[in-house]
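What the coordinates show
Each chain is listed here by its residues.
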Amino acid sequence: MRILFFGDVDGKIARRAIQKILPEWKKEFSPQVVIANADNVTHGRSINKNHFDLLREVGVDIFTAGDHTLEREEALSLLADDEIPVLRPVNIEGDYPGRGADVFVVGKEELLVICLLGQVFIDKKVSSPFIALDDVLQKFSGIKNIIVDFHAEATSEKAALGWYADGRVSAVLGTHTHVQTADERLLHKGTAFISDVGFCGAYNSVIGVDKDEVINYFLTKKKFKMNIPEKGEAVINAVLVDIDKDGRAEKIVRLRKIVLI
Ligand SMILES: [Fe+2]
Ligand SMILES: [Fe+2]
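This section reports on the structure supplied with the text. (Residues numbered from 1 in each chain as written. Chains lettered and ligands numbered in written order. Predicted model: local features only at pLDDT ≥ 70, side-chain atom pairs only at ≥ 80, totals over all residues.)

For the rest of this paragraph, the subject is the overall build of the protein chain. Regarding its fold elements, the protein chain presents 6 helices and 12 strands. Over its C-alpha trace the protein chain gives a radius of gyration of 17 Å, about what one expects of a compact globule, namely 18 Å for 261 residues. Each principal axis of the C-alpha distribution contributes one length, and for the protein chain these read about 50 × 40 × 35 Å. Here the protein chain, with 261 residues, has 47% of them falling under the buried criterion. Within the protein chain, contacts between residues separated by at least 24 positions form 67% of all contacts whose residues are at least 6 apart in sequence. (Helix = DSSP H or I, 4+ residues; strand = E, 2+ residues; numbered from the N terminus. Rg over C-alpha atoms; globule rule 2.2 N^0.38 Å. Buried ≥ 20, exposed ≤ 12 C-beta atoms within 10 Å, placed from the backbone. Contact = placed C-beta atoms within 7 Å.)

Moving on, we come to the nonpolar core. Within the largest apolar cluster, 73 residues are counted, with the highest numbers of intra-cluster contacts made by Phe5, Ile114, Val148, Ala171, Leu173 and Cys200. With residues near it in sequence (within four places) discarded, Phe5 still touches Ile35, Leu173, Val197, Ala238, Val239 and Val241. (Core = buried A, V, L, I, M, F, W, Y, C linked by C-beta atoms within 7 Å.)

This part covers the pairing of strand β2 (residues 33-37). The side chains of a regular strand alternate between both faces of the sheet. The buried count for β2 comes to 5 of 5 residues, which makes it a mostly enclosed element. Where strand β1 (residues 2-6) and β2 come together, 4 bridges link them in parallel fashion. Note on β2: the bridge partner recorded for Phe6 is Ala36. Pairing of β2 with strand β3 (residues 62-64) involves 3 bridges; the strand directions are parallel. Each residue of the ladder has a partner; that of Asn37, found in β3, is Thr64. You can see the chain leave β2, run along helix α2 (residues 49-58) and come back into β3, and the turn it takes is right-handed. (Pairing = 2+ DSSP bridges. Right-handed = clockwise from strand over helix to strand, strands pointing away.)

Moving on, we come to the sheet that holds strand β7 (residues 171-175). Read across the sheet, 6 strands follow the order β4-β5-β6-β7-β9-β8 without closing on themselves; strand pairing throughout is mixed. Of all strands in the sheet, those bounded by a partner on one side alone are β4 (101-106) and β8 (185-186). With respect to the sheet, helix α4 (residues 129-139) is in contact with β4, β5 (109-117) and β6 (145-151), its orientation differing from that of β5 by roughly 160 degrees. The sheet strands contacting helix α5 (residues 155-165) are β6, β7 and β9 (192-194), and the helix crosses β7 at an angle near 165 degrees. (Axes fitted to C-alpha atoms, helices over the stretch in contact; angles between N-to-C directions.)

Despite not being glycine, His43 has its phi angle at roughly 50 degrees, a positive value. Position of His43 among the secondary structure elements: in the loop between β2 and α2. The phi dihedral of Phe121 is positive, around 60 degrees, even though this residue is not glycine. Among the secondary structure elements, Phe121 is positioned in the loop between β5 and α4.

Along the chain, the position of Ala65 falls in the loop between β3 and α3 (73-80). Under the C-beta neighbour-count criterion, Ala65 is labelled buried, with 28 such atoms within 10 Å. Expressed as a C-alpha distance, the spacing of Ala65 and Ser46, which sit 19 residues apart in the sequence, is 7.7 Å. Ala65 has contacts with Ala38, Asp39, Leu87, Arg88, Pro89 and Cys115, leaving out every residue within four places of it along the chain.

All right, on to the packing of helix α1 (residues 11-29) against α2 then. When two helices pack together, you describe them by how their axes are tilted relative to each other and by the distance separating the axes. Relative orientation of the contacting elements α1 and α2 amounts to 15 degrees, with a least axis distance of 9 Å. For the element pair α1 / α2, the angle class is roughly parallel. The interaxial crossing formed by α1 with α2 has left-handed handedness. Seen from α1, the contacting residues are Arg15, Ile18, Gln19 and Leu22; seen from α2, they are His51, Leu54, Leu55 and Val58. Taken together, the residues of the contact of α1 with α2 sort by class into 5 nonpolar, 2 polar and 1 charged. (Parallel < 35°, antiparallel > 145°, perpendicular 65-115°, else oblique. Left-handed = near helix turned anticlockwise from the far one by under 90°. Nonpolar A, V, L, I, M, F, W, Y, C, P; charged D, E, K, R; others polar.)

The next thing to look at is the pairing of β6. Of all 7 residues making up β6, 7 are buried, and the element is well covered by its neighbours. Residues of β6 alternate between two faces, with Asn145, Ile147, Asp149 and His151 on one and Ile146, Val148 and Phe150 on the opposite face, all of them buried. Sheet analysis places β5 next to β6, joined by 7 bridges and oriented parallel. Bridge pairing in β6 places Cys115 opposite Asp149. On the question of chirality, the crossover connecting β5 to the parallel β6 by way of α4 is right-handed.

On to the environment of Ser77. Considering the arrangement of structural elements, one finds Ser77 in helix α3. Judged by C-beta crowding, with 14 C-beta atoms within 10 Å, Ser77 ranks as partly exposed. The spacing of Ser77 and Ala249 is 172 residues in sequence and 34 Å in space, taken between C-alpha atoms.

Here it is in structure tokens:
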């Protein structure tokens, strides 16, 4: 099974960039399933129904989440519908609708997608992603193809979870920092790993946000609006993961492209 996974899709510029690149990449790489992290799709925070529909139409099959996903009212109704392939983090604490792990049919195979949130430097109430992973794997035992989106800030926490999951899942793919890391590899027991896939969004920005506003924030420490540039160069960061018939990763390849929007 070949999986194409996009890191945090951030705002309108990223939605348009995905619309532009996905038909090309589908032809070029022939993925069986396309997953995207939806933590920042709608104005940088979570995802609404319109944008879900738009990205589904261009070929994204499954959406994972992060620290902002539960902050948008409209996203809660998407999550509440079991037929809609939008996950929330398994281990965010609180009474939220939706599920953080689910099995999807891909061709004649099954794929378990798990969305975990890190605890380090994340300002949400989050239980241990390590214990949450154990619980999910126990619940879904027997499924071989397993992708974990680990939405976390600290590379140490990500590396630790990667090794912890090695041999038990097909891939641990980091998201949230918006910066693609060059540490993609296969771990010893067959799990593909990357600390961060990187985001999709405004290239000439500070991790997706208007650069002048963020510079001004650091100079003045005054609150600023999260303005996301809508035009210009967009960076698209993704990975391709190939999984063999036993659920072991055979290959992980980083993709990165700048497109003009
Ligand atoms: Fe993000
Ligand atoms: Fe995030």
